[in-house]
Amino acid sequence: MKCKRCRDVAVIEIRRHNSAYCPACFITVFRNQVATAIDRWEMFAPDDRILLAVSGGKDSLALWDVLLEAGYRAEGLYLGLGIGEYSDRSAEVTRRFAETRGAALRVVDLRDEYGFDVPTAGAKGSRSACAVCGLSKRYVFNRAALEGGFDVVATGHNLDDEAATLLGNTLRWQTEYIARQSPLLPTAEGMVRKVKPLHRLSELETAAYAFLRGIDYVVQECPLVGGNTQLRYKEAMNSIERTSPGTKAQFFLGYLDRGMPLFRTQERPELQPCEQCEQPTPGRFCAFCRARAQILGERLGEPPADREIVRELSEEVLPAELYRVDAT
Ligand code: SF4
Ligand code: ZN
């Protein structure tokens, strides 16, 4: 097999493009895809301060590598979820990456800052561990970006993540969620811009990039992944992809070109500051504060309001900002 660009020996085959690349050309192609995503969606300017959500996994570290190599001002934010050895190893790998690259890294520990960790939340609250995990990430990243004066939050969501999310939302015709699934969520009142520069690249491609760049990342899966519904949609997409290479990209990138405009007529709900933490929310209290209060057995607001909140908690209430961070 020969490299499509330079005719040297190829090491990776991309079936959906019907092409193969040598290590150097693959790295170039990968970076070009990220650059295309950034340009096409006007994700950020060269001088913007980027807060990158890093988990220690291949996607976020590969993205950090690409952004730093391209000269962007990308600072990492690692959120400690308190998932035993898995979190310990993730934190260590992330810290080492930042040290070797001379990159700035912020660390927020969920238990230290907010009084709970993800396994406890899964056991105590009405939501699954993954739901609280995703909610906490969205909340903490936005809050840290606002408080730190960042222009944009970037995450390592790849094509597989996005196709799986779109499939899940489509199967249930969650049109509101479909309308907001985008590689770019613009700045809104109290919401920092969110971008997904890896959305054109598959999981296999980010793993190959991380490997070829010698990036040490956490290969072990989160022990709580069994509760992650997105995983089942990924498996379904992968099984179709095996027999029809390119389906995943056609599904998600096709949605961006042709499907998204059809759903865009939906209006966003008005946001106001949460009465507990002042982060934007469509209701009195934000979803994070409600979940946290339930996990810790605390009360929010006055007794009559509490009854209302408890009723709301039993429903699947997501914040207006539907940026999923639950599978990086
Ligand atoms: Fe969080 Fe992902 Fe683990 Fe679920 S599988 S708890 S979303 S890290
Ligand atoms: Zn709040």
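(A) Structural detail: the overall build of the protein. Within the protein, the regular secondary structure consists of 13 helices and 10 strands. The C-alpha radius of gyration computed for the protein amounts to 20 Å, which stays within 12% of the reference 20 Å derived for 328 residues, consistent with globular compactness. Taking the principal axes of its C-alpha atoms as reference, the protein extends roughly 70 × 45 × 40 Å. Sorting the 328 residues of the protein into buried and exposed places 54% on the buried side. Counted over contacts in the protein with a minimum sequence separation of 6, partners at least 24 positions apart contribute 71%. Counting only carbon and sulfur atoms, one obtains 49% of the accessible surface of the protein, whose full area is about 15,300 Å². Separation of charge centres in the protein, based on 43 positive and 45 negative side chains, amounts to 4 Å.

(B) Broad picture of the coordination of the zinc ion (ligand 2). At the metal site, the zinc ion (ligand 2) is ligated by Cys274 (SG), Cys277 (SG), Cys286 (SG) and Cys289 (SG), and these contacts range over 2.3 Å. Seen from the zinc ion (ligand 2), its four donor atoms lie at angles of 105 to 117 degrees, and the figure they make is tetrahedral. Positions of the donor residues of the zinc ion (ligand 2) along the chain correspond to the pattern C-x2-C-x8-C-x2-C. Grouping residues by exposure puts Cys286 and Cys289 together as buried.

(C) A look at the side chain of Arg16. Along the chain, Arg16 falls in the loop between strand E1 (12-14) and strand E2 (19-21). Here the side chain of Arg16 touches Glu205 through a polar contact of 3.0 Å, side chain to side chain. Those residues in contact with Arg16, other than ones at most four positions away along the chain, are Leu159, Arg200, Leu201, Ser202, Glu205, Glu241, Pro245, Gly246 and Ala249.

(D) Structural detail: the pairing of strand E5 (residues 105-109). Of the strand pairs in this sheet, strand E4 (residues 73-80) and E5 are connected by five bridges, and their pairing is parallel. If you follow Gly80 over to E5, its bridge partner there is Asp109. In this region the chain leaves E4, passes through helix H3 (residues 84-101) and returns to the parallel neighbour E5; the handedness of that crossover is right-handed.

(E) View of helix H1 (residues 23-40). Between its terminal C-alpha atoms H1 stretches 26 Å, which fits the 26 Å expected from 18 residues at 1.5 Å a residue. Buried within H1 we find Cys25, Phe26, Ile27, Val29, Phe30, Gln33, Val34, Ala37 and Ile38. The inward-facing, buried residues of H1 contact E1, E2, helix H2 (58-69) and helix H9 (203-212). Directly after H1, the chain includes Glu42, whose backbone phi takes a positive value near 45 degrees.

(F) Local environment of the confidence of the model for the protein. Summing up the model confidence of the protein, the mean pLDDT is 90 and the portion of residues at 70 or higher is 91%. Every residue in residues 302-328 is under pLDDT 50, and counting partners more than four places away or in other chains gives 68 contacts.

(G) The pattern of salt bridges, seen in detail. This structure, assessed with the given rule, holds 21 salt bridges. Note that Asp65 and Arg101 form a salt bridge whose closest N and O atoms lie 2.4 Å from each other. Of this pair, Asp65 sits in helix H2 while Arg101 sits in helix H3, placing them 36 residues apart in sequence. Here Lys248 ties to Asp160 by a salt bridge, and the two come within 2.8 Å at their closest N and O atoms. One end of the pair, Lys248, is in helix H11 (residues 247-263); the other, Asp160, is in helix H7 (residues 159-171), and 88 residues separate them in sequence. A single burial state applies to Lys248 and to Asp160, both of which are buried.

(H) Seen up close, the pairing of E4. Counting buried residues along E4, seven of its eight residues qualify, which places the element largely inside the surrounding structure. As paired strands, strand E3 (residues 49-54) and E4 are joined by six bridges and run parallel to one another. Bridge pairing in E4 links Val54 to Tyr78. Considered for its hand, the β-α-β crossover made up of E3, H2 and E4 is right-handed.

(I) Up close: the packing of helix H10 (residues 229-243) against H11. It is at 8 Å that the axes of H10 and H11 come closest, and there the two elements cross at 120 degrees. Comparing the axis directions of H10 and H11 gives the class oblique. Here Met237, Asn238, Ile240 and Glu241 of H10 lie close against H11, whose contacting residues are Thr247, Lys248 and Phe251. Residue composition of the contact of H10 with H11, grouped by class: three nonpolar, two polar and two charged.

Thresholds, definitions, all that
- Residues numbered from 1 in each chain as written.
- Chains lettered and ligands numbered in written order.
- Predicted model: local features only at pLDDT ≥ 70, side-chain atom pairs only at ≥ 80, totals over all residues.
- Heavy atoms only, no water.
- Helix = DSSP H or I, 4+ residues; strand = E, 2+ residues; numbered from the N terminus.
- Rg over C-alpha atoms; globule rule 2.2 N^0.38 Å.
- Buried < 20%, exposed > 50% of the residue type's maximum accessible area, 1.4 Å probe, protein only.
- Contact = heavy atoms within 4.5 Å.
- Areas by Shrake-Rupley, 256 points an atom, 1.4 Å probe, with all protein chains shown as cover.
- Lys, Arg positive; Asp, Glu negative; His and termini not counted.
- Charge placed at Lys NZ, Arg CZ, Asp CG, Glu CD.
- Donors = N, O, S within 2.8 Å, 3.2 Å for Na, K, Ca; no water.
- Tetrahedral: all angles 85-135°; square planar, octahedral: opposite > 155°, others 65-115°.
- Polar contact = N/O pair within 3.5 Å; in protein donor to acceptor, adjacent residues only side chain to side chain.
- Pairing = 2+ DSSP bridges.
- Right-handed = clockwise from strand over helix to strand, strands pointing away.
- Expected span 1.5 Å × (residues − 1).
- pLDDT = per-residue confidence, 0-100.
- Salt bridge = Lys/Arg side-chain N within 4 Å of Asp/Glu carboxyl O.
- Axes fitted to C-alpha atoms, helices over the stretch in contact; angles between N-to-C directions.
- Parallel < 35°, antiparallel > 145°, perpendicular 65-115°, else oblique.
- Nonpolar A, V, L, I, M, F, W, Y, C, P; charged D, E, K, R; others polar.

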